[in-house]
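Working through the structure, step by step
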Amino acid sequence: MRMTKAFVAIAFAAIASAPTVATADEGGISFWLPGFFGSLAAAPAQAPGWSVTSIYWHDSVSAGGGVARAREIEIGRIPANVTANVSANLNANLNLGFLIGTYTFATPVLGAQASASLMGIYGSNSTSLAGSLTGTLTGPGGGTFPFSRFDSIDSSLTAFGDLYPTFMLKWNAGVNNFMTYVTGDIPAGAYQSTRLANIGIGHGAIDAGGGYTYFNPQTGHELSAVLGFTYNFKNTDTQYQNGVDMHLDWGASQFLTKQWQVGMVGYLYQQIGCDSGSGDRVGCFRSRVAGVGPQVGYIFPVGDMQGYLNLKAYGEFANENRPAGWNLWLTFNLSPAAATPTATPKRMITK
């Protein structure tokens, strides 16, 4: 079965997700969005030029006391002179649209195919927190007094998010494909340190890593994995710096025909460095989550271009110091189709 068109479409769509909002570290929020990479992540595209990817992403998550307490500290609801235990629930629903423009260069770089992209975000975040705080209040003279309060906060926002540039190099050697990438966060999105719901994350970040894809066009078998690490800069509004994060995204699929692809996707996210900064009042607060779910893809012609639709969903588990729930991705990619080779005219054939 000939899978070159599938190879092109999904190789472009492999970058069609990105880090965003509402999932780990400071108050339960990180730069990296698990699910960023999927099937054929390391496969080079077969046609240079521009491609465009649009994504609808829905995320529904919740968390208990530890994350709720961290979020209340982050937005200034628990003053520094209050030691409080929090019995509360945090719930968030996000509906975001991602738009990614990618240019794939025709000239190799270090023997690899190079591409550069920029992603923008627009959408809504609706977050609520409800529960009780009990503890002690320290007065100016050092005396302590009982403290008790019930909080109910609803916060909603529709706005633009941060900007995410990405640069990739990809190598192909038969059924084996390798890639390396670097990406980052330009904190230009809607963010207020005192607001529960944000679209931006309030600080810069740099993320880099590498990946591998096994793809056999004859059998339609595919397996991909990408490992990366995030360095987070300090949030100058809160004086809080997230620790180093590690993330592993993977995808496995089978092409049933030249157009239809089915399989599984998953991720593991683990913070490996402790949080720090003068604004850190929650300690190390390392966060973790894992997710797994199904995917289905469909490839089709769009004039002289090539379209690719992918639907994937993740159910999360094994979370710590981080909200967990489920998320859904609907991706549409439009990219140049691979050129069709033409036969050499007989009159041009020479001995």
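Now for a quick tour of the structure. These numbers come from a predicted model, not from an experiment.

**Notes on a nonpolar patch on the surface**
A contiguous nonpolar patch, built from Phe105, Phe167, Val182, Ile206, Leu227, Phe229, Tyr231, Phe233, Val244, Leu248, Leu268 and Ile272 and spanning about 940 Å² of accessible area, is present on the exposed surface. Take the nonpolar patch: its biggest share by element is three residues, from strand β8 (residues 221-232). Secondary-structure assignment places Ile206 in strand β7 (residues 205-216).

**Overview of the state of the cysteines**
Overall, the coordinates contain one disulfide when judged by the stated rule. Each sulfur in the disulfide pair Cys274 and Cys284 lies 1.9 Å from the other. Disulfide Cys274-Cys284: torsion about the S-S bond near -85 degrees, hence left-handed. Taken together, the residues Cys274 in the loop between β10 (260-271) and β11 (288-302) and Cys284 in the loop between β10 and β11 connect sequence positions ten residues apart. Assessed through its relative accessible area of 38%, Cys274 is described here as partly exposed. Using a relative accessible area of 27% as the deciding quantity, one classes Cys284 as partly exposed.

**Overview of helix α2 (residues 65-74)**
Within α2, seven of the ten residues are buried, which leaves the element mostly enclosed by the surrounding structure. Just downstream of α2, Gly76 is the residue with a positive phi angle, here 85 degrees.

Conventions used here
For every chain, the first residue of its written sequence is number 1, and the numbers climb from 1 along that sequence. With pLDDT at 70 or above as the cut-off, local features in this predicted model cover only qualifying residues; side-chain atom pairs require 80 or more to be listed or tallied, and sums for whole chains, interfaces and linings still use all residues. Side-chain figures throughout are based on the complete set of non-hydrogen atoms in the structure, without hydrogens or water. Each patch is built from residues lacking any salt bridge and having more than 30% relative accessible area; the joining distance is 9 Å for like charges and 5 Å for nonpolar side chains (Val, Leu, Ile, Met, Phe, Trp, Tyr). Only the protein chains shown count as cover for residues, and all accessible areas are computed by the Shrake-Rupley method using a 1.4 Å probe. Within this document, salt bridges are pairs made up of a side-chain nitrogen of Lys or Arg and a carboxyl oxygen of Asp or Glu, the two lying within 4 Å of each other. A run of H or I in DSSP counts as a helix once it spans at least four residues, and a run of E counts as a strand once it spans at least two, with each numbered from the N terminus. Count a disulfide wherever a pair of cysteine sulfur atoms falls within 2.5 Å. Throughout, exposure labels follow a simple rule: accessible area from a 1.4 Å probe, protein chains only, divided by the maximum for the residue type, with under 20% read as buried, over 50% as exposed, and the rest as partly exposed.

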